[in-house]
Amino acid sequence: MPRKAVLPRLWLITDARNDAGLMRAIAAIPRGSGLIYRHYHLPPDERRARFDVLARAMRARGGAVVLAGAMAQARRWGADGAYGAAGLIGPGGSGLRLMTAHDLRELGQARRARADGVLLSPVFPTRSHPGGAVLGALRFALMAARAGVPVLALGGMDARRAARLRPMAHGWAAIDGLSGREPPRNSP
């Protein structure tokens with residue numbers, strides 16, 4: 001596994017619905033951004049092959065590549081780190097540890113697990129969970145202030161919304177918001 005990367009402020013998250021446009025999206029995001037590779041929809045061999053292609057493209061732009069899953073698998077694949085819930089990532093490793101959180105309890109778990117960054121979500125309405133409850137900007141700000149680790153906003157994010165959260169968030173992550181898709185119409 002490469003040495004521990006600096007925590008980028010912008011992260012593109014892969015998904016079945018943005019797969020066709022990922023190379024365009026990687027070319028469009030700022031150099032030094034990050035890629036969180038999920039692609040759970042693919043069989044194992046295809047998932048690995050797609051990871052290799054996207055990781056090469058991202059690294060050519062000076063970016064970090066993090067694999068959704070255990071740190072041991074991230075090491076085997078040559079990723080810069082692992083992404084997921086604190087219990088999924090597993091112990092140790094020199095890679096980036098990006099963890100998910102939706103409430104204060106999960107933020108505490110991520111802090112205790114020595115996360116390098118926490119993706120706190122969903123901040124705004126999102127296509128991933130249509131009609132689901134959201135944190136909103138104020139609740140996000142209050143939770144981020146108590147996190148004890150750098151917080152990345154996730155959920156219905158785009159550049160405009162990220163600017164609103166800038167003082168409270170280390171950065172942001174998106175699927176649709178960085179893939180040339182519009183945010184949900186019913187969102188603030």
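One can find the structure itself at the top, above this paragraph.
Residues numbered from 1 in each chain as written. Predicted model: local features only at pLDDT ≥ 70, side-chain atom pairs only at ≥ 80, totals over all residues. Heavy atoms only, no water.

Chemist: Hey, could you go over the side chain of Thr14 for me, with residue numbers and the actual values?
Modeler: Position of Thr14 among the secondary structure elements: in the loop between strand 1 (10–13) and helix 1 (22–28). With a relative accessible area of 0%, Thr14 lands in the buried category. Looking at Thr14, its side chain comes within polar contact range of the main-chain nitrogen of Arg38, at 2.7 Å. One polar contact links Thr14 to His39, side chain to side chain, over a distance of 2.9 Å. (Helix = DSSP H or I, 4+ residues; strand = E, 2+ residues; numbered from the N terminus. Buried < 20%, exposed > 50% of the residue type's maximum accessible area, 1.4 Å probe, protein only. Polar contact = N/O pair within 3.5 Å; in protein donor to acceptor, adjacent residues only side chain to side chain.)

Chemist: Describe the pattern of salt bridges, with residues and values.
Modeler: Considering all chains together, one arrives at eight salt bridges under this definition. The partner of Arg105 in a salt bridge is Glu106, and the shortest N-O contact between them spans 3.8 Å. One network of salt bridges, with partners in common, ties together Asp15, Arg17, Arg38, Arg127 and Asp176. (Salt bridge = Lys/Arg side-chain N within 4 Å of Asp/Glu carboxyl O.)

Chemist: Any details on the sheet that holds strand 4 (residues 81–84)? Residues and values, ideally.
Modeler: Sheet architecture is closed into a barrel: eight strands sit in the order 1-2-3-4-5-6-7-8, paired in parallel fashion. Geometrically, the sheet is characterised by an average inter-axis angle of 25° between neighbouring strands, direction not taken into account. Alignment of strand 1 against strand 8 (residues 171–174), held across three bridges, turns out to be parallel. Among the inter-strand pairings, Trp11 is bridged to a residue of strand 8, identified as Ala173. Running over the sheet, helix 2 (residues 44–60) touches strand 2 (34–37) and strand 3 (64–68) and is turned about 160° from strand 3. (Pairing = 2+ DSSP bridges. Axes fitted to C-alpha atoms, helices over the stretch in contact; angles between N-to-C directions. Contact = heavy atoms within 4.5 Å.)

Chemist: Could you give an account of the nonpolar core, naming the residues involved and the relevant values?
Modeler: The tendency in soluble globular proteins is for nonpolar side chains to be buried as a group. With 46 residues, the main nonpolar core has Leu12, Phe51, Leu120, Phe140, Met157 and Trp172 as its most contacted residues. With five residues, the single largest contributor to this core is helix 2. Phe140 has contacts with Leu120, Val123, Leu135, Val151, Ala153, Leu165, Met168 and Ala169, leaving out every residue within four places of it along the chain. Ile36, Leu96, Leu119 and Ala173 belong to the second largest nonpolar core, which has 15 residues in total. (Core = buried A, V, L, I, M, F, W, Y, C linked by side-chain atoms within 4.5 Å.)

Chemist: Please set out helix 5 (residues 104–112) residue by residue, giving values where relevant.
Modeler: Looking only at helix 5, the buried set comprises Glu106, Leu107, Gly108 and Ala110. Contacts from the buried residues of helix 5 go to strand 5 (96–101), strand 6 (117–120) and helix 6 (136–146). Positive backbone phi, approximately 60°, marks Arg114, located one or two places after helix 5.

Chemist: I'd love a proper account of the packing of aromatic side chains, names of residues and values included.
Modeler: Counted under the stated rule, the structure contains two aromatic pairs. Between Tyr37 and Phe51, the aromatic rings sit 5.4 Å apart at their centres with planes inclined by 70°, giving edge-to-face as the arrangement. With a gap of 14 residues between them, Tyr37 in strand 2 and Phe51 in helix 2 connect regions that are remote in the sequence. Taken individually, Tyr37 and Phe51 each receive the classification buried, so the pair is uniform in this respect. Between Phe51 and Trp77, the ring centres sit 5.2 Å apart and the planes meet at 55°, which makes this aromatic pair tilted. Taken together, the residues span a long stretch of sequence, with Phe51 in helix 2 and Trp77 in helix 3 (residues 71–77) at a distance of 26 residues. (Phe/Tyr/Trp six-rings, centres within 6.5 Å; stacked < 30°, edge-to-face > 60°.)

Chemist: Before we move on, can you summarise unusual backbone geometry with the specific residues and values?
Modeler: Backbone torsion omega between Ser121 and Pro122 reads -10°, so that peptide bond is classified as cis. With respect to the element layout, Pro122 can be found in the loop between strand 6 and helix 6. For His39, which is not glycine, the phi torsion reads 45° and is therefore positive. Among the secondary structure elements, His39 is positioned in the loop between strand 2 and helix 2. Look at His39 and you get buried, because its relative accessible area is 1%. With a phi angle near 60°, Arg114 is a residue other than glycine that sits in the positive phi range. Checked against the element boundaries, Arg114 lands in the loop between helix 5 and strand 6.

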